Amino acid sequence: MVPVKTELISHVPVSVAFGCHCFTEAFKPELHRDHHRYVHNGELRAFDIERFQCSLQLPELVLGIVGGRVYKADRSYTYVAQIQLPPCGGSRGYSIFFSLDKAGNPGAPAARMFVKSAYMKPLAVNKNAQSWRFAALVGQISGVYPPAERTKQRKTALR
């Protein structure tokens, strides 16, 4: 778990967990050998060295998401960070796919972030994709900013 804290959401703890898709890819028998096999919860995947190298930077990148924008991508949210991969020597888009849910603690606002997958891919967002500031989304999901109050706060701020 990575604690995520900023002034905007410092009163809302966000626990972060990472899935195996951050360092594995689909197993292809014509491409992968037995030493590539990675099985988790009954799912067969293949270890991917590039994804693994990138995943080592994920805790720091997740902290960077706090000040950024996220985009709706199906049932997940997407954030893109530009990182440098030492063997490549250049920057390419790195997409991070995650879910964000209200944590089960009824006494205080909190959120759970699960990084489902992350890999080298430039952001491809539908031009009508819904976007949020990450901190605002955490506030909304955790219950700090209920949807009706958030709209009222936004109208007041725009005046």
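What you see is a predicted model; the values in this text were computed from it and never measured. The numbers attached to residues start from 1 for each chain and follow its sequence in the written order. Since the coordinates come from a predicted model, pLDDT governs what is reported: local features require at least 70, and pairs of side-chain atoms require 80 or more to be given and counted, while whole-chain, interface and lining totals use all residues. Side-chain numbers come from the whole structure's heavy atoms, not from hydrogens or water.

Caption draft 1: Examining the sheet that holds strand E2 (residues 24-26) more closely. Taken together, 3 strands build an open sheet; the order of strands is E2-E4-E3 and the sheet is antiparallel. In this open sheet, the two edge strands, each paired with only one partner strand, are E2 and strand E3 (37-40). Taking the axes of each pair of neighbouring strands and ignoring which way they run, one obtains an average angle of 50° across the sheet. Only strands that DSSP links by at least two bridges are regarded as paired with each other. A run of DSSP states H or I qualifies as a helix once it reaches four residues; a run of E qualifies as a strand once it reaches two. Both are numbered from the N-terminal end. Taken together, the 4 bridges between E3 and strand E4 (residues 43-47) define a ladder with antiparallel strand orientation. Bridging from a neighbouring strand, His40 pairs with Glu43 of E4. All axes are obtained by fitting lines to C-alpha atoms, using only the stretch in contact for helices, and the reported angles, taken between N-to-C directions, cover 0 to 180 degrees.

Caption draft 2: Inspection of helix H3 (residues 134-142) at higher detail. Note on exposure labels: buried denotes an accessible area under 20% of the residue type's maximum, exposed denotes more than 50%, and partly exposed covers the range between, all computed with a 1.4 Å probe on protein chains only. Most of H3 sits inside the fold, with 8 of its 9 residues counted as buried. Turning to H3, its buried residues are Phe134, Ala135, Ala136, Leu137, Val138, Gly139, Ile141 and Ser142. The first or second residue beyond H3 is Gly143, which carries a positive phi of 100°.

Caption draft 3: Spotlight on the environment of Ser15. Looking at where Ser15 falls in the secondary structure, it is placed in strand E1 (residues 14-21). Residue classification places Ser15 among the partly exposed positions, given a relative accessible area of 24%.

Caption draft 4: Structural context of a nonpolar patch on the surface. Judged by side-chain polarity, Phe47, Ile49, Phe52 and Leu56 come together as a nonpolar surface patch covering roughly 370 Å² of accessible area. Following the sequence through the fold, Leu56 ends up in the loop between helix H1 (49-55) and helix H2 (58-65). Patch rule: a residue counts if its relative accessible area is over 30% and it has no salt bridge; like charges are joined within 9 Å, and nonpolar side chains (Val, Leu, Ile, Met, Phe, Trp, Tyr) within 5 Å. Shrake-Rupley sampling with a 1.4 Å probe provides the accessible areas, and residues are treated as covered by the protein chains on show and by no other component. Within this document, salt bridges are pairs made up of a side-chain nitrogen of Lys or Arg and a carboxyl oxygen of Asp or Glu, the two lying within 4 Å of each other.

Caption draft 5: How the structure looks around the packing of aromatic side chains. Stacked, tilted and edge-to-face pairs are distinguished by plane angle, under 30 degrees for stacked and over 60 for edge-to-face with tilted covering the rest, among Phe, Tyr and Trp rings (Trp via its six-membered ring) whose centres lie within 6.5 Å. Scanning the model with the defined rule gives 6 aromatic pairs in all. When the ring of Tyr77 is compared with that of Trp132, the centres are 5.2 Å apart and the planes differ by 80°; the resulting orientation is edge-to-face. A residue pair is termed long-range when its members are at least 10 positions apart, and Tyr77 in strand E6 (residues 76-84) and Trp132 in strand E9 (residues 131-133) qualify at 55 residues. Residues Tyr77 and Trp132 agree in their burial class; the two are buried. An aromatic cluster of at least three residues, connected via ring pairs, comprises Tyr77, Phe98, Trp132 and Phe134.

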